[in-house]
Amino acid sequence: MARIVVITSGKGGVGKTTTSAALATGLALEGRKTAVIDFDVGLRNLDLIMGCERRVVYDFVNVINGDANLRQALIKDKRTDNLFILPASQTRDKDALTEAGVEKVLDELSQEFEYIVCDSPAGIERGALMAAYFADEAIVVTNPEVSSVRDSDRMLGILSSKTRKAERGEGGLPARLLLTRYAPERVERGEMLSMEDVTEILSIDMLGVVPESQSVLNASNAGMPVILDEESDAGQAYRDAVARFLGEDRPHRFLSTQKKGLFGRLFRG
């Protein structure tokens, strides 16, 4: 049976889809057969970041409604073996995601895949609740700012009470934190919360810290998961996070500003 992982947050724009694409790609690169599902019905951005938007014929809602089978809707990634994408519908309402329909799709995927990554919409509306309901674990994505952390705290409360695990009395959904858009120089100036601040507020394990990086935007515009950019600090940070997710012990990087040498200090370079 597959391990179902929901990528979620309380606030929009924190990097959930970027993280979903990176995690799914990273797992596939490690030889784990992985499916990534876009639960953001009505918007659909995952296919853009994965670079497969022109290959979408059928979508998640088509499968739920019986208009297509799963094999027709799944898109095989061209760059990475073992990776498949199930896009969301741009033309349907979020109510199209029924509990029975989502469960059926996840059960069918579980027969073939080792990991299922669910890219959740922001907030606590139906799509987000459906993305989390059947999950085995969660990765909560947040930025190092007070409003984002507060919203993530609220989402952690939902993960502990509104999932199938909680309904069955099996406890809250195990969750880890991924901190994105981290800028050490802004932390030092007191303009941004530190990793330690965020960890103390939310009291969950830190899976990874992804630095603020132009490479994230560049990769998104190119239709490529940033984890494939091995030269970028963001790509390396996501690879570290995937390694930790799979049980490897790796130190966190990109938490402090790089000290400039004498030449750099003299010329402010």
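What you see is a predicted model, and the numbers here were worked out from it, not measured in a lab. (Residues numbered from 1 in each chain as written. Predicted model: local features only at pLDDT ≥ 70, side-chain atom pairs only at ≥ 80, totals over all residues. Heavy atoms only, no water.)

Visitor: For the nonpolar core, give the residues involved together with the corresponding values.
Guide: A general tendency of soluble globular proteins is for nonpolar side chains to be buried together. With 53 residues, the main nonpolar core has Phe39, Phe60, Leu97, Val102, Leu109 and Leu159 as its most contacted residues. A total of 5 residues in this core trace back to one element, the largest contributor, which is helix H7 (residues 146-159). Look past the residues within four positions of Leu109 in its chain and what remains in contact with it is Ala35, Ile37, Leu70, Leu74 and Ile116. Within the second largest apolar cluster, 34 residues are counted, among which are Val5, Leu46, Ile49 and Leu207. (Core = buried A, V, L, I, M, F, W, Y, C linked by side-chain atoms within 4.5 Å. Buried < 20%, exposed > 50% of the residue type's maximum accessible area, 1.4 Å probe, protein only. Helix = DSSP H or I, 4+ residues; strand = E, 2+ residues; numbered from the N terminus. Contact = heavy atoms within 4.5 Å.)

Visitor: Now, about the packing of aromatic side chains: what can you tell me, with residues and values included?
Guide: According to the stated counting rule, one finds 4 aromatic pairs in the structure shown. Ring geometry for Tyr133 against Phe134: centres 4.8 Å apart, planes inclined by 90°, an arrangement best described as edge-to-face. By relative accessible area, which is 9% here, Tyr133 ends up buried. The exposure class assigned to Phe134 is buried, which follows from its relative accessible area of 4%. Over the aromatic face of Phe113 sits the side chain of Lys33, whose NZ or CZ is 5.2 Å from the ring centroid. (Phe/Tyr/Trp six-rings, centres within 6.5 Å; stacked < 30°, edge-to-face > 60°. Lys NZ or Arg CZ within 6 Å of the ring centre and 35° of its normal.)

Visitor: Pulling in residues and values, what's your account of the pattern of salt bridges?
Guide: Between side chains of opposite charge, a pair can form when the charged atoms approach closely. Counted according to the given criterion, the structure contains 18 salt bridges. We note a salt bridge from Glu248 to Arg250, for which the minimum N-O separation is 2.8 Å. Residue classification places Glu248 among the partly exposed positions, given a relative accessible area of 43%. One continuous salt-bridge network, built from bridges that share partners, spans Asp240, Glu248, Arg250 and Arg253. (Salt bridge = Lys/Arg side-chain N within 4 Å of Asp/Glu carboxyl O.)

Visitor: Could you give an account of the packing of helix H1 (residues 16-29) against helix H12 (residues 233-245), with specific residues and numbers?
Guide: Two quantities define a packed helix pair, namely the angle between the axes and the distance from one axis to the other. Direction vectors running N to C along H1 and H12 enclose 60°, while the axes themselves pass 9 Å from each other. As for how H1 packs across H12, the hand of that crossing is right-handed. Taking contact as the criterion, the partners of Thr18, Thr19, Ala22, Leu23, Gly26, Leu27 and Leu29 in H1 are, on H12, Tyr238, Arg239, Val242 and Phe245. Along the lines of polarity and charge, the residues of the contact of H1 with H12 split into 7 nonpolar, 3 polar and 1 charged. (Axes fitted to C-alpha atoms, helices over the stretch in contact; angles between N-to-C directions. Left-handed = near helix turned anticlockwise from the far one by under 90°. Nonpolar A, V, L, I, M, F, W, Y, C, P; charged D, E, K, R; others polar.)

Visitor: So what about the sheet that holds strand E8 (residues 206-211)? Which residues, and what values?
Guide: An order of E3-E4-E2-E5-E1-E6-E7-E8 is seen for the 8 strands of this open sheet, with the pairing classed as mixed. The outermost strands of the open sheet, each flanked by one partner alone, are strand E3 (75-76) and E8. Two strands pair when backbone bridges link them, and strand E1 (residues 3-8) and strand E5 (residues 115-119) are joined in this way by 5 bridges, in the parallel orientation. Residue pairing across strands places Val6 opposite Cys118, the latter belonging to E5. In the packing of helix H10 (residues 195-202) onto the sheet, contacts are made with strand E6 (137-142), strand E7 (175-182) and E8, and the angle to E7 comes to roughly 150°. (Pairing = 2+ DSSP bridges.)

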